[in-house]
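# Results of the structural survey
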Protein chains: 2
Amino acid sequence: MIKARIVVTLKTGVLDPQGKAIQGALGHLGFAGVGAVRQGKVFDIEVDASDEATARAQLTEMCDKLLANTVIENYTVEIA
Amino acid sequence: MIKARIVVTLKTGVLDPQGKAIQGALGHLGFAGVGAVRQGKVFDIEVDASDEATARAQLTEMCDKLLANTVIENYTVEIA
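Notes on the structure follow.

How each quantity is defined
Residues numbered from 1 in each chain as written. Chains lettered and ligands numbered in written order. Predicted model: local features only at pLDDT ≥ 70, side-chain atom pairs only at ≥ 80, totals over all residues. Heavy atoms only, no water. Contact = heavy atoms within 4.5 Å. Buried area = accessible area lost by both parts, 1.4 Å probe. Salt bridge = Lys/Arg side-chain N within 4 Å of Asp/Glu carboxyl O. Polar contact = N/O pair within 3.5 Å; in protein donor to acceptor, adjacent residues only side chain to side chain. Helix = DSSP H or I, 4+ residues; strand = E, 2+ residues; numbered from the N terminus. Axes fitted to C-alpha atoms, helices over the stretch in contact; angles between N-to-C directions. Parallel < 35°, antiparallel > 145°, perpendicular 65-115°, else oblique. Nonpolar A, V, L, I, M, F, W, Y, C, P; charged D, E, K, R; others polar. Pairing = 2+ DSSP bridges. Least-squares fit on C-alpha atoms with pLDDT ≥ 70 in both.

## Let's talk about the interface of chain B and chain A
Often, the extent of an interface is quoted as the loss of accessible area on bringing the components together. Between chain B and chain A, the residue contacts involve 33 residues of the former and 33 residues of the latter. Both sides together, the interface formed by chain B and chain A hides about 2700 Å², and carbon and sulfur atoms give 66% of it. Among the residues of chain B in contact with chain A, B:Phe31, B:Val42 and B:Leu66 are the three that bury the most area, contributing 19% of the side total. Across the contact surface, chain B and chain A share zero salt bridges. Counting every contact that joins chain B to chain A gives twelve residue pairs in polar contact (both at pLDDT 80 or more). Broken down by secondary-structure element, the contributors of at least two residues to the side of chain B that touches chain A are strand E1 (2-10), helix H1 (17-28), strand E2 (34-47) and helix H2 (52-67) of chain B.

Right, dumping it as structure tokens:
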């Protein structure tokens, strides 16, 4: 089993109301000097692949098909 | 401005129905050999701090107070 971490983040320029809400909430909690906050998703996945390259190809396909909306999101695949 | 990434993941042993659903969906899409899937959250935050140690302390406090539920979640703070 190869362990991987996929991080999905919004592309630059895409509005992130959830991030804005968190930024506001941090301000209300007394944290001064908080700049931009952007929220994303992380997936820790175990893949049964023979080698790292195969796993990476499979994980990239998973992102394109299910895990990320490539119109508005970027993703990175890190093999642990 | 110091840029940081906070990753919040469920603690081991905490059930993750969302991860299970993704695991099932990947199977239905034809991906064989997918093991455990766990979903978490990622926050990209800019903090106006004088140095890295101050930023890290502030970000840790943010996690404890707002960003993570420390009863069921772990978090990591990475300064970019």
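## Here we look at the side chain of B:Gln39
Considering the arrangement of structural elements, one finds B:Gln39 in strand E2. Polar contacts involving the side chain of B:Gln39 include one to the side chain of B:Gln18, which spans 3.0 Å.

## Considering the packing of helix H1 (residues 17-28) of chain A against H2(B)
With their axes 11 Å apart at the nearest point, H1(A) and H2(B) run at an angle of 105° to one another. By the criterion of interaxial angle, the relationship of H1(A) to H2(B) is roughly perpendicular. Counted together, A:Ile22, A:Ala25 and A:Leu26 of H1(A) and B:Met62, B:Leu66 and B:Leu67 of H2(B) form the full contact between these two elements. When its residues are assigned to classes, the contact of H1(A) with H2(B) shows six nonpolar, no polar and no charged.

## Topic: the pairing of strand E2 (residues 34-47) of chain A
In the case of a regular strand, side chains alternate between the two sheet surfaces. Of the pairings in the sheet, the one linking strand E1 (residues 2-10) of chain A to E2(A) comprises seven bridges and is antiparallel in character. Its bridge partner lying in E2(A), A:Ile2 is registered against A:Val47. Judged from the eleven bridges that link them, E2(A) and E2(B) form a sheet pairing that is antiparallel. Counted as the bridge partner of A:Val37 is B:Ile45 from E2(B).

## A word on the relation of the copies chain B and chain A
Mapping chain B onto chain A calls for a screw motion: a turn of 180° about the axis and a shift of 0.0 Å along it, with 0.0 Å RMSD after fitting. In short, the pair behaves as if placed about a two-fold rotation axis. Closest to the rotation axis within chain B is the C-alpha of B:Lys41, separated from it by 2.3 Å. The overlap is high: 100% of the interface residues of chain B also sit at the interface in chain A, so the same surface is used on both sides.

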